[in-house]
Protein chains: 2
Amino acid sequence: MDQVNFVNGKTRVYGIVGDPIEQVRSPEMVTWEMQKRYHNAVLIPMHIAREEFDSVMPNIMRIQNLDGLIFTIPFKAKAITFAKTLGLQAAQIGAINALKKHSNGDWSGEIFDGVGCVEAFKRRGIPIRDKRLQLIGLGGAGSAICVALAYEKPKLMRLFDINPQTTERMVKIVNTISPQTVVEVGTPHADGIDILLNASPVGMLSDSRLPLDVETFKKELIVFDAIVMPENTPLLTLAVNCGCQVVRGREMMLGQISKIVDYFFAP
Amino acid sequence: MDQVNFVNGKTRVYGIVGDPIEQVRSPEMVTWEMQKRYHNAVLIPMHIAREEFDSVMPNIMRIQNLDGLIFTIPFKAKAITFAKTLGLQAAQIGAINALKKHSNGDWSGEIFDGVGCVEAFKRRGIPIRDKRLQLIGLGGAGSAICVALAYEKPKLMRLFDINPQTTERMVKIVNTISPQTVVEVGTPHADGIDILLNASPVGMLSDSRLPLDVETFKKELIVFDAIVMPENTPLLTLAVNCGCQVVRGREMMLGQISKIVDYFFAP
């Protein structure tokens, strides 16, 4: 009938803001999640040059039918200044990846990278509480995963990052969130560990390395990798070969998208 | 597969800017036309409050993957200031309804209301050249229709608007564009006329009036109405009852959309 059925004059607009933008997957995935829930809404890519972010952003937020934004590289830390209020995890990490407009016009921000990881485990029926975790990588996604895991009150969190200051900062945050969790730092390993989580870039794309020095895993170990491409990282391939249960980056992404859409449409 | 197929990170974004915005039809119709031509592009509604238009617009134009904008009420006259260069019809009328970004980053503007009307006649195989026209209404759409018709070099253009200054101004413009066209002004009628065009709001929605004082038409008369709602205005109903060929507002809209998409994607 000479028209599409997925956008019209009443459509509420959401955007993902990044520089570059072409690689993002949120437009097709978040829009699917919103329309699956019968919201008249689309999420579009918005490429804003990093040097223009501060001047352009406040005006993008003046588009009256724009109700939310997702931020990707390099804006997660800078975007926090546009939130009037912050969710707990965003406040602890000092970064946001989602900004939501409330009905009174105020904007609040939160970070969902870690929430998405926890959601992926919940959907698999794997509890985090009272478990012993090894987390490798405490950068953008890793610090968010670290905080979200701490809220689940594991028995032990062993943390590793190539930057010792980053590790030290995260140890303090975990101690604040979950005083009963034992926190260890040092070279990553899987001995005495229930769940091994990689949030470092080691193993991404054509990188054939493992993020820790290991040749085999006991089959009871659960192994997670935040990397989306490739779907089977060297770490996950080894884990599958050892008979371990694995949780993939794509599951974290789906968990995160679901939680962001919850956030956008919460009253 | 947990994702939609009509938007992704590489999608080029277009917008229609208005206040209010919910009534616009361009998002579904222009997006359809673009995707029918295999462009990875969507056109979304952008509601900008009229008092914020001047400050927000230049920043919207800084979104790197935004390549074009359409303007509706109340921005057609104000939007012209954001065009670095103007098409001929926009320059003559002093308003634009489309703004296009060129590969060097410059923006040009043009108005397509009139072009859409002429395109509708072309698609029906009805020539305007050497015909005798009566045009009623020289407002936003009417002045654009008047200019576009003049470029077709009709034999006679009889013009009417409730504002005599508007009529006088359009007479001068028609004389400039097509010196060989005889221009008449005065109470509208269909005597000695080949094509009668209504671009006034008379007959819109539940308005049961005719835009001219008439009881019947000769069946050779061709009757056009720019009104989209209702599809059959009192004028068109009378024309159909008299056996006249009619051209509808929806055809003008489709013609305009086609021409705007040509413009957006021209090299």
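Residues numbered from 1 in each chain as written. Chains lettered and ligands numbered in written order. Predicted model: local features only at pLDDT ≥ 70, side-chain atom pairs only at ≥ 80, totals over all residues. Heavy atoms only, no water.

(A) Summary view of the pairing of strand β3 (residues 66-71) of chain A. All names here are of chain A. The element β3 is extensively covered by neighbouring structure, given that six of its six residues are classed as buried. Two elements, strand β1 (residues 12-18) and β3, share five bridges in a ladder whose sense is parallel. The residue bridging V13 from the neighbouring strand is L66, located in β3. Two strands pair when backbone bridges link them, and β3 and strand β5 (residues 98-101) are joined in this way by three bridges, in the antiparallel orientation. Paired with L69 across the bridge in β5 is L99. (Buried < 20%, exposed > 50% of the residue type's maximum accessible area, 1.4 Å probe, protein only. Helix = DSSP H or I, 4+ residues; strand = E, 2+ residues; numbered from the N terminus. Pairing = 2+ DSSP bridges.)

(B) Spotlight on the side chain of B:E119. Turning to its location among the elements, B:E119 is positioned in helix α4 (residues 113-123). A relative accessible area of 12% means that B:E119 is categorised as buried.

(C) Spatial organisation of the packing of aromatic side chains. As enumerated under the stated definition, the model contains 17 aromatic pairs over all chains in all. Between A:F121 and A:F224, the aromatic rings sit 5.8 Å apart at their centres with planes inclined by 50 degrees, giving tilted as the arrangement. One end of the pair, A:F121, is in helix α4 (residues 113-123); the other, A:F224, is in strand β11 (residues 222-225), with 103 residues separating them in the sequence. For the pair A:F121 and A:F224, a shared accessibility class is recorded, and that class is buried. Considering the side-chain rings of B:F112 and B:Y263, the 5.0 Å spacing of their centres and the 55 degrees angle between planes classify their relative orientation as tilted. With a gap of 151 residues between them, B:F112 in the loop between β6 (107-110) and α4 and B:Y263 in helix α8 (residues 249-265) connect regions that are remote in the sequence. Every member of this aromatic cluster is reached through a ring pair, and the members are A:Y14, A:F112, A:Y263, A:F264 and A:F265. The cationic tip of A:K100 hangs over the ring face of A:Y263; the distance from NZ or CZ to the ring centre is 5.6 Å. (Phe/Tyr/Trp six-rings, centres within 6.5 Å; stacked < 30°, edge-to-face > 60°. Lys NZ or Arg CZ within 6 Å of the ring centre and 35° of its normal.)

(D) Quick look at the interface of chain A and chain B. Listed by partner, the interface residues are 40 residues for chain A and 40 residues for chain B. Summed over the shared surface of chain A and chain B, the number is two salt bridges. Residue A:E52 pairs with B:R62 through a salt bridge whose shortest N-O separation is 2.7 Å. At the junction of chain A and chain B, the tally comes to 14 residue pairs in polar contact (both at pLDDT 80 or more). For the side of chain A that touches chain B, the secondary-structure elements that each account for two or more residues are α1 (26-36), β2 (41-47), α2 (53-60) and α8 (249-265) of chain A. Of the residues assigned to the side of chain A that touches chain B, the class counts are 21 nonpolar, eleven polar and eight charged. (Contact = heavy atoms within 4.5 Å. Salt bridge = Lys/Arg side-chain N within 4 Å of Asp/Glu carboxyl O. Polar contact = N/O pair within 3.5 Å; in protein donor to acceptor, adjacent residues only side chain to side chain. Nonpolar A, V, L, I, M, F, W, Y, C, P; charged D, E, K, R; others polar.)

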